[in-house]
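# Structural characterization, general
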Amino acid sequence: MAKFLGINRLGRLFQAIREAGGLKQAYLKLYRNDDLKTGKLIGIDKYGNRYFENPYYFYGRNRWVEYSPHVNMDYDGSQIPAEWYGWMHYKTDLPPIRDGCRPKHKWIADHSENLSGTKEAYMPYSTTPPKVEAWNPNKK
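Residues numbered from 1 in each chain as written. Predicted model: local features only at pLDDT ≥ 70, side-chain atom pairs only at ≥ 80, totals over all residues. Heavy atoms only, no water.

Put simply, the rule is: UniProt positions are given in the numbering used here, feature names are shortened, and annotations may be inferred rather than shown by experiment.
Taking an unreviewed UniProt entry as the reference, the protein chain is identified by name as NADH dehydrogenase [ubiquinone] 1 alpha subcomplex subunit 12 belonging to Drosophila navojoa. Quoted verbatim from the Subunit (unreviewed entry) field of UniProt, the annotation for the protein chain is "Complex I is composed of 45 different subunits." Here the protein chain is described in UniProt, under the heading Sequence similarities (unreviewed entry), as follows: "Belongs to the complex I NDUFA12 subunit family."

This is the structure we're talking about:
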């Protein structure tokens, strides 16, 4: 009867609010992530991203990341390191904190996010003059 009336969904809502840390924190999480989910914390990477899993949700939606608070609303998928990328996209069921077979070579570069479209984006220096010059109406 409770399932028919939707009381179980109301219980899940209260559980999500409780796990978020109260009504205000739940609102902030909903505003930032566009979703209010409950799940088991799987791990935290060195950048502060938190990874969760809940098999109650559909496959493809049952693993998610909550980005570190210092990036605020300026987050994107390139902020997920390679070791967590495989777990997020179902390439492996073992998260990097439980997988001891991952190579850890000293020549592997540290993860950096994609900076395209920002002020820090790479712009190559060119010594050749442009073939096409922009029109300047003031130039005579």
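### A few points about the nonpolar core
The following threshold applies: Residue types Ala, Val, Leu, Ile, Met, Phe, Trp, Tyr and Cys, when buried and joined through side-chain atoms within 4.5 Å, form a set referred to as a nonpolar core. Accessibility here uses a 1.4 Å probe with only protein chains present; expressed as a share of the type maximum, an area under 20% marks a residue as buried, one over 50% as exposed, and anything in between as partly exposed. Only DSSP runs of H or I reaching four residues or more are called helices, and only runs of E reaching two or more are called strands; each is numbered from the N terminus. Two residues qualify as a contact provided that any one of their heavy atoms is within 4.5 Å of a heavy atom in the partner residue.
Judged by nonpolar contacts, Ile 42, Tyr 51, Val 65, Tyr 67, Val 71, Ile 80, Trp 84, Trp 87 and Met 88 together constitute the single largest core of nine residues. The element contributing the most residues to this core is helix α4 (residues 82–88), with three residues. Leaving out residues up to four positions away in the same chain, Ile 42 has contacts with Tyr 51, Phe 52, Glu 53, Trp 84, Trp 87, Pro 95, Ile 97 and Arg 98.

### So, the pairing of strand β1 (residues 40–44)
So the rule is basically this: Pairing between strands requires that DSSP locate at least two bridges from one strand to the other.
In the sheet, β1 pairs with strand β2 (residues 50–53) via four bridges, with the strands oriented antiparallel. Residue pairing for β2: Gly 43 is matched across the bridge by Tyr 51. If you look at the hairpin formed by β1 and β2, you'll find five residues sitting between the two strands, and Gly 48 has a positive phi there, around 95°.

### Topic: helix α2 (residues 7–20)
Here is the rule we go by: Expected helix span is given by 1.5 Å per residue-to-residue step, counting one fewer step than there are residues. The directions considered for the arc are those from the helix axis to the C-beta atoms.
In this model, α2 (14 residues) spans 20 Å end to end at C-alpha, consistent with the 20 Å of a helix rising 1.5 Å per residue. When we look at burial in α2, the residues that qualify are Ala 16, Ile 17 and Ala 20. Buried residues of α2, seen end-on, are gathered within an arc of 95° and therefore sit on one face of the element.

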